[in-house]
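# Working through the structure, step by step
Next come the chains, spelled out residue by residue.
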Amino acid sequence: MRLSPVDPEKGIALSGIGMSYLMLERYEEALAWGERALHEMPNYGSSHRVVIMALVKLNRLDEAQAAARRLMEAFPTYTLTLQRQINPWRDKVFAESYVEALGISGVPE
């Protein structure tokens, strides 16, 4: 990011950092990075999901539901079933926690 600070796809890297913080269960930091990622790339789905999971884990459920609505507006065909199919994680415990948080926020099955 230092080499290319105006990269139009900078949000992908920021989202990845947010995801790393989710995996470390450092939800405040994950939320901050997810929000930065959304600022850079508002239509990058992974960033929405970082924000949603962080908000659920922080027990900020009203905000998580609002974030899920924004995700579904941007990606109306996204579902938990699809997430399970495209799940990239070898860590099955994290993967299930991720899908569970998305479900709690209102992402449809």
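Presented here is an overview of the structure given in this document. Computed from a predicted model, the values in this text were never measured in an experiment.

Rules used throughout
Residues numbered from 1 in each chain as written. Predicted model: local features only at pLDDT ≥ 70, side-chain atom pairs only at ≥ 80, totals over all residues. Heavy atoms only, no water. Helix = DSSP H or I, 4+ residues; strand = E, 2+ residues; numbered from the N terminus. Buried < 20%, exposed > 50% of the residue type's maximum accessible area, 1.4 Å probe, protein only. Core = buried A, V, L, I, M, F, W, Y, C linked by side-chain atoms within 4.5 Å. Contact = heavy atoms within 4.5 Å. Axes fitted to C-alpha atoms, helices over the stretch in contact; angles between N-to-C directions. Parallel < 35°, antiparallel > 145°, perpendicular 65-115°, else oblique. Left-handed = near helix turned anticlockwise from the far one by under 90°. Nonpolar A, V, L, I, M, F, W, Y, C, P; charged D, E, K, R; others polar. Salt bridge = Lys/Arg side-chain N within 4 Å of Asp/Glu carboxyl O. Expected span 1.5 Å × (residues − 1).

### Re the environment of Glu100
As for its position among the elements, Glu100 is in helix H6 (residues 92-105). Residue Glu100 is classed as partly exposed on the basis of its relative accessible area of 48%. Each C-alpha atom of the pair Glu100 and Ala37 lies 22 Å from the other, and the pair is 63 residues apart in sequence.

### Here's the deal with the nonpolar core
Core analysis: the largest hydrophobic core is formed by 29 residues, its most contacted members being Met19, Leu22, Ile52, Phe94, Tyr98, Leu102 and Val107. Of all the secondary-structure elements, those providing two or more residues to this core are helix H1 (10-23), helix H2 (27-40), helix H3 (45-57), helix H4 (61-74) and H6. For this core, the element with the most residues is H3, which contributes 7 residues. Once residues within four sequence positions are removed from consideration, Val107 is found in contact with Ala68, Leu71, Met72, Tyr78, Thr79, Leu80 and Leu102.

### Quick word on the packing of H1 against H2
Running from amino to carboxyl end, H1 crosses H2 at an angle of 165°, the nearest separation of the two axes being 8 Å. Between H1 and H2, the angle falls in the class roughly antiparallel. H1 and H2 meet at a crossing whose hand is left-handed. Touching Lys10, Gly11, Leu14, Ser15, Ile17, Gly18, Tyr21 and Leu22 of H1 are Tyr27, Glu29, Ala30, Trp33, Arg36, Ala37 and Glu40, all from H2. For the contact of H1 with H2, the class distribution of residues is 8 nonpolar, 3 polar and 4 charged.

### Considering the pattern of salt bridges
Close approach of charged atoms allows side chains of opposite charge to pair. Tallied over the full model, the rule gives 3 salt bridges. Arg26 is the partner of Glu29 in a salt bridge, and the nearest nitrogen-oxygen pair spans 3.0 Å. Residue class for Arg26 comes out partly exposed when judged on its relative accessible area of 37%. For Arg84, the salt bridge is made with Glu109, and the minimal N-O distance between the two is 2.5 Å. Of the two residues, Arg84 is situated in helix H5 (residues 80-86) and Glu109 in the segment after H6; the sequence distance between them amounts to 25 residues. Glu109 gets classed as exposed once you look at its relative accessible area, which sits at 51%.

### Structural notes on the packing of H1 against H3
Relative orientation and spacing of two packed helices are given, respectively, by the angle between their axes and the distance between those axes. Interhelical geometry of H1 versus H3 gives an angle of 25° and a closest axis separation of 9 Å. As the angle between them shows, H1 and H3 are arranged roughly parallel. For the element pair H1 and H3, the recorded crossing hand is left-handed. When H1 is examined against H3, the residues Gly11, Ser15, Gly18, Met19 and Leu22 are found in contact with a partner set consisting of Ser46, Ser47, Val50, Met53 and Ala54. Split by residue class, the contact of H1 with H3 holds 5 nonpolar, 5 polar and no charged.

### Examining H3
Taking 1.5 Å of rise per residue, 13 residues should cover 18 Å, and H3 covers 19 Å from first to last C-alpha, within 8% of that figure. Most of H3 is tucked away, with 12 of its 13 residues classed as buried. Among the residues of H3, those classed as buried are Gly45, Ser46, Ser47, His48, Arg49, Val50, Val51, Ile52, Met53, Ala54, Leu55 and Val56. At the C-terminal side of H3, Asn59 shows a positive phi close to 60°.

Note that every value here comes from positions in space, so none of it alone points to a role or purpose.
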